[in-house]
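What follows is each chain in one-letter form.
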Amino acid sequence: MRFPFFRPAPAVAPAAPGTHGSPVPPVDDGVLLETVGLTKAYAGADGELPVLSGIDLTVRSGEIVALLGRSGSGKSTLLRCLAGLLPPSSGTVRYRGTPLAGANPGTALVFQTFALLPWLTVRQNVELGLEARGVPPRERARAADQAIDLIGLAGFESAYPKELSGGMRQRVGFARALVVEPDVLMMDEPFSALDVLTAENLRGELMELWDSGQFPTRAVVLVTHNIEEAVLMADRIVVLGSRPYGTIRETVEVGLDRPRDRDCAAFDELVDRVYRIMTGRPKETRPPERPDPGRPDRRTLATTPLPTVSVDGLSGLAEMIAHRHGCCDLADLADGLGLDMDDVLPQVDALDLLGFAEIHGDDLLLTEDGTAFAHADVQDSRALFAAAAVEVPLVKLIANSLRGEPGATVRAGFFRDLLAHHYTSEQVDRQLETATDWGRYAGLFGYDADRQEYRLEEA
Ligand code: ADP
Ligand code: MG
């Protein structure tokens, strides 16, 4: 169920991933992508509008490069030039030493807006890239399922995009790019359409995959305007300035050990340094943390409504608390994220309901299970989540009702009627959506949206 190990790659590769067997030029010094004197101008009303100028950039095998800059600094334009989707006005872009003539065969893109086809299932969306490359159907399905599993979407293969939370949709975006095993994965602000907690979770999981060598690409180019994200993820940060037009202002080697600890002084120093490069001003300090021990108060029955929270969202919150040593003041946390308390309360309720966190006064504390969940890799996190979710009343009811004969199905209407005694129809719908999301992630049951039926997972 694993992708082959592609990183760190040898300097001279006989065949690269992403090409499904076709030969590719060898790579000197591990250089995969290179721009020399790249300039790009768009045609405007008053003639040519320069956007990028004199860009010399190298992307090597084994590294994550962040293109960091404010909105309008030309990040997306540079990424599209690297991907061969836009021709430079002057200068060259080379892939494995060969100047590009059209789309770069060694890259795949993940967009901010997931760009999924709504009428296709998760599996079909993921297969799209392979279809375009002429991969035969059986191989396509196998590769798609591997990518889906790798990115934590197992159980959602037959779901449609509209059934998925934003975080899950972006996972599909990642699976679709990774399934072609590109030499270089290119991401254009892939987390910025997600809520803070979901983004944090997805980032963490991707970095775990990268660190463990399971990432089926040799290098990553990440476009971002988020300094912390760049420092968290990148080996090298290329800071683009936009006056008078996009140039490389400075390149910063990150050099922090992985997995990275946001709370260490070196992390803060780098964030400050990059912040000063971008703005010329020092960054204000973050809110302080304070620890506190305690005990839970578990709720039990169907009178316990399921909060409308995606697994990504609650995982993201768990990770944030873990970064703050397992304990944080709720108001400070919300404040630090630029959110209202109301925005994080459903996630807080969900963690409490799952036994992953406890609330003591103003403080939110991760439990032992919650700490394990926050630190787990994709596969372990599913198992830990399953153990906790199956104790949550609605999830338990659905799981139990399917127990018994193999292949059993139960119509959603059954649960809808039961819930209707206690909740409005809108609340019922939302709770069932959440239960479906949780149950699927946990691998406890599947849901067929066309037939409106729950069924047991085969494996
Ligand atoms: P970023 O991704 O850093 O926000 P972009 O690369 O999207 O920056 O845009 C850089 C500049 O180029 C902006 O001023 C934008 O308005 C301009 N621009 C982007 N795409 C086009 C286009 N197709 N035609 C004309 N101008 C464009
Ligand atoms: Mg952009």
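You'll find the structure just up there.
Residues numbered from 1 in each chain as written. Chains lettered and ligands numbered in written order. Predicted model: local features only at pLDDT ≥ 70, side-chain atom pairs only at ≥ 80, totals over all residues. Heavy atoms only, no water.

> Can you help me understand the state of the cysteines in this one?
What is meant by a disulfide is a covalent connection between two cysteines, made through their sulfur atoms. Counting across every chain of the model gives zero disulfides. Counting only cysteine sulfurs, C327 is the nearest neighbor of C328, a cysteine outside any disulfide, at a range of 6.4 Å. When its relative accessible area of 4% is taken as the criterion, C328 is described as buried. (Disulfide = S-S within 2.5 Å. Buried < 20%, exposed > 50% of the residue type's maximum accessible area, 1.4 Å probe, protein only.)

> Please explain helix α5 (residues 196-211) as it appears in this structure.
An α-helix turns once every 3.6 residues. As a result, residues three or four positions apart point the same way. Counted at 1.5 Å a residue, the expected span for α5 with its 16 residues is 22 Å, and the 22 Å between its end C-alpha atoms agrees. With 13 of 16 residues buried, α5 is to be regarded as a mostly interior element. After α5 finishes, the residue G213 shows a positive phi value of roughly 75°. (Helix = DSSP H or I, 4+ residues; strand = E, 2+ residues; numbered from the N terminus. Expected span 1.5 Å × (residues − 1).)

> What exactly am I supposed to notice about the packing of helix α2 (residues 122-132) against helix α3 (residues 137-150) here?
It is the contact of α2 with α3, at a shortest axis distance of 9 Å, that shows an interaxial angle of 120°. Compared by their axis directions, α2 and α3 come out oblique. Crossing angle aside, the handedness with which α2 passes α3 is right-handed. Residues V122, R123, V126, E127, L130 and E131 of α2 form the contact with α3, whose own contacting residues are R140, A141, A143, A144, D145, A147 and I148. (Axes fitted to C-alpha atoms, helices over the stretch in contact; angles between N-to-C directions. Parallel < 35°, antiparallel > 145°, perpendicular 65-115°, else oblique. Left-handed = near helix turned anticlockwise from the far one by under 90°. Contact = heavy atoms within 4.5 Å.)

> Help me out: how do you make sense of the side chain of R203 in this one?
Relative to the assigned elements, R203 resides in helix α5. The class of R203 is buried, set by a relative accessible area of 7%. The contacts of R203, once residues within four sequence positions are left out, are F191, N226, E229, L232, M233 and R262.

> Looking at this structure, I do not really get the site of ligand 1. What am I missing?
Close contacts around ligand 1 come from Y42, V51, R70, S71, G72, S73, G74, K75, S76 and T77, and that covers them all. The contact in question runs from an oxygen atom of ligand 1 to an N or O atom on the backbone of G72, over 2.7 Å. Contact distances for ligand 1 include 2.5 Å between an oxygen atom and a side-chain N or O atom of T77. Protein contact buries 57% of the 560 Å² of open area that ligand 1 shows by itself. Its residues assigned to classes, the shell around ligand 1 shows two nonpolar, six polar and two charged. (Near = heavy atom within 4 Å. Polar contact = N/O pair within 3.5 Å; in protein donor to acceptor, adjacent residues only side chain to side chain. Areas by Shrake-Rupley, 256 points an atom, 1.4 Å probe, with all protein chains shown as cover. Nonpolar A, V, L, I, M, F, W, Y, C, P; charged D, E, K, R; others polar.)

> What is the right way to read the environment of P88 from this model?
In this fold, P88 is placed in the loop between α1 (75-82) and β4 (90-95). Residue P88 is classed as partly exposed on the basis of its relative accessible area, which comes to 26%. For the pair P88 and L38, spaced 50 residues apart in sequence, the C-alpha to C-alpha distance is 6.4 Å. Setting aside its immediate chain neighbours within four residues, P88 contacts L38, T39, K40 and V93.

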